[in-house]
Amino acid sequence: MLIVKKFGGTSVADKERILNVARRCVEEYKKGNEVVVVLSAMGKQTDVLLTQAREINPNASKREIDMLLTTGEQISVALMAMAIDSLGVPAISLNAFQVAMHTTSVYSNARLKRIDSERIRNELASKKIVIITGFQGINQVDDYTTLGRGGSDTTAVALAAALNADACEIYTDVDGVFTADPRVVPNARKIEEITYDEMLELASLGAGVLHNRSVEMAKKYGVQLVVRSSLNNTEGTIVKEEVSMEKLLVSGVAADRNTARIAVMGLEDQPGVAFKLFNHLAKHNINVDIILQSVGRDGTKDISFTVSEDNVDEAVEILERHREGSLKCHGIDVEKNVAKVSIVGAGMMTNAGVAAKMFEALYDAGVNIKMISTSEIRVTVLIDESYVDQAMKAVHDKFSLA
Ligand code: ADP
Ligand code: ASP
Ligand code: MG
């Protein structure tokens, strides 16, 4: 069997943990399996590097930031190869360049396009454990790119697909995917099985346990995932197309604090206004999330929407530039201390009243809702950031998820 194992930052945070992971990989290898290991940077190394960059130059180019960040993963793979070697098993570390993991050109948020698997296959054929840097790629001009925070999961899934692996295991610092972040909701429960669609929603709505693109890719290529702990041997969560259990009304609750709201007020109430507004942002690759438009009054209307907090300053700057020209609005208002809280569940599709139940939980907890958005399998509300933890607990309790 060919097995891809991915270990996150906490799992390789220090010498002991690296050796612990090395032992786990050697154990798998000694069963006669081919083992490909994907690693994140050690501990909080990526944050440390970002802080260093900001201290030197708050406006550092994304190219140089990616060049810097890729060093984090390079350290952990080299140390892991040394650790495995010390246990008497041949190992080799490879970075994105050496494998050739091709991505789109967007620095800091690139997408994997193609992986050359030849080098990896050759190394596996010579009986080595192959250890590969997560999170990084190379673009058309041979520059390093990164896949967005948490992107090592996506590297692992992409490799599992490219190598046609028999298993893709994501090892992390919790026992699996829970009904809510167990650090926020202590009585959250581990989920045994979850569908790609539900997991994709949860991951996209802030459940940081998996990078959302990794789930997207797993679904596209039919890669079954297991999310489990690197620190113990408990069975984890299986992420797959269909689950055998009854569809739950609500499978999980997620929160995303990395959100900001922009309100554009006094826009002309006529065709083309929304197009112009969002087209300015789209041209700069700024994704817009929940959108709310007020009822037109006296020939004007307001449009408010959410963006990732990372993009909010740039978004406002772009809109201010067009304020007098194509937008002709009266004012632009920004609120950064907001967060999204969402419930996700495939059973929602066929059940009325789920949203109302969530709103009731928030009402009972005294949490005011600023915006609402729904899809077939999710309900999202925008609230004040300081209420996130209590909102999550209240909603989690309401649906008896514990
Ligand atoms: P890694 O470094 O292994 O990739 P991450 O920090 O990216 O680890 O992801 C694991 C963390 O995700 C957990 O420590 C947990 O706090 C958080 N998390 C958020 N939502 C969930 C959830 N629904 N289930 C499990 N963990 C979650
Ligand atoms: N090291 C990167 C990060 O901290 C990628 C990852 O851990 O998946 O975001
Ligand atoms: Mg992660």
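Residues numbered from 1 in each chain as written. Chains lettered and ligands numbered in written order. Predicted model: local features only at pLDDT ≥ 70, side-chain atom pairs only at ≥ 80, totals over all residues. Heavy atoms only, no water.

A. The arrangement of the overall build of the protein chain in detail. Scanning the protein chain from terminus to terminus reveals twelve helices and 18 strands. If one aligns the C-alpha atoms of the protein chain with their principal axes, the spans along those axes are about 75 × 50 × 35 Å. Across the 402 residues of the protein chain, 51% fall into the buried class. Contacts spanning at least 24 positions in sequence make up 75% of the contacts within the protein chain whose residues lie at least 6 apart. Roughly 18,600 Å² of accessible area belongs to the protein chain as shown, and the carbon and sulfur atoms make up 48% of that amount. Seen as two clouds, the 45 positive and the 54 negative side-chain charges of the protein chain have centres 2 Å apart. (Helix = DSSP H or I, 4+ residues; strand = E, 2+ residues; numbered from the N terminus. Buried < 20%, exposed > 50% of the residue type's maximum accessible area, 1.4 Å probe, protein only. Contact = heavy atoms within 4.5 Å. Areas by Shrake-Rupley, 256 points an atom, 1.4 Å probe, with all protein chains shown as cover. Lys, Arg positive; Asp, Glu negative; His and termini not counted. Charge placed at Lys NZ, Arg CZ, Asp CG, Glu CD.)

B. Local environment of the site of ligand 1. For ligand 1, the set of nearby residues contains 17 residues, the closest of which are T172, D173, F178, D181 and R183. Take D173: an N or O atom from its side chain is 2.8 Å from an oxygen atom of ligand 1. Between ligand 1 and the protein, one listed contact pairs an oxygen atom with a backbone N or O atom of G208 at 3.5 Å. Calculation on ligand 1 without its partners gives an accessible area of 570 Å², and the protein chains cover 83% of this total. (Near = heavy atom within 4 Å. Polar contact = N/O pair within 3.5 Å; in protein donor to acceptor, adjacent residues only side chain to side chain.)

C. Quick peek at a nonpolar patch on the surface. On the surface, I75, L79 and M82 cluster together to form a nonpolar patch covering roughly 270 Å² of accessible area. Inspection of the secondary structure puts I75 in helix α3 (residues 62–86). (Patch = residues over 30% accessible without salt bridge, like charges linked within 9 Å, V, L, I, M, F, W, Y side chains within 5 Å. Salt bridge = Lys/Arg side-chain N within 4 Å of Asp/Glu carboxyl O.)

D. Representation of the site of ligand 2 in the model. S40, A41, T46, E73, F135, R149, G150, G151 and S152 make up every residue found near ligand 2. Contact distances for ligand 2 include 2.8 Å between a nitrogen atom and a side-chain N or O atom of T46. Within the side chain of S152, an N or O atom sits 3.0 Å from an oxygen atom of ligand 2. Relative to its unbound accessible area of 260 Å², ligand 2 is 86% covered by the protein chains. A class-by-class count of the residues in the shell around ligand 2 yields two nonpolar, five polar and two charged. (Nonpolar A, V, L, I, M, F, W, Y, C, P; charged D, E, K, R; others polar.)

E. Helix α8 (residues 212–221), seen in detail. Restricting attention to buried positions, one finds in α8 the residues R213, S214, V215, M217 and A218. The inward-facing, buried residues of α8 contact β5 (112–115), α6 (152–162), α7 (196–204) and β11 (225–229).

F. Summary view of helix α5 (residues 118–125). Buried residues of α5: I120, E123 and L124, and no others. Taken down its axis, α5 places every buried residue within 100° of arc, on the same side. More than 90 degrees from the buried face of α5, the exposed residues found are E118 and A125. Those residues of α5 that are buried are in contact with β1 (2–7), β2 (34–39), β3 (91–94), α4 (96–99), β6 (129–133) and α6. Just downstream of α5 lies K127, where phi reads positive at about 70°. (Arc of directions from axis to C-beta.)

G. The arrangement of the pattern of salt bridges in detail. Summed over all chains, the structure comprises 27 salt bridges. Between R119 and E123 there is a salt bridge, with its nearest N and O atoms 2.8 Å apart. Of this pair, R119 and E123 both sit in helix α5, four residues apart, which is roughly one turn of that helix. Note on R119: relative accessible area 33%, which makes it partly exposed. Taken together, the salt bridges that share partners define one network made up of K5, E28, K31 and E169.

H. Spatial organisation of the side chain of T259. Here T259 shows up in strand β13 (residues 252–268). Judged by relative accessible area, which is 3%, T259 ranks as buried. Side-chain polar atoms of T259 contact the backbone oxygen of D256, separated by 3.4 Å. Aside from chain neighbours lying at most four places away, what touches T259 is T306, V307, E309, K336, V338, A339, K340 and L382.

I. Structural context of the environment of S304. Looking at where S304 falls in the secondary structure, it is placed in strand β15 (residues 300–308). Judged by its relative accessible area of 10%, S304 is buried. As for S304 and V334, which are separated by 30 residues in sequence, their C-alpha atoms are 9.5 Å apart. Ignoring any residue separated from it by four or fewer positions in sequence, one finds S304 in contact with R261, I262, A263, I290, I291, L292 and M371.

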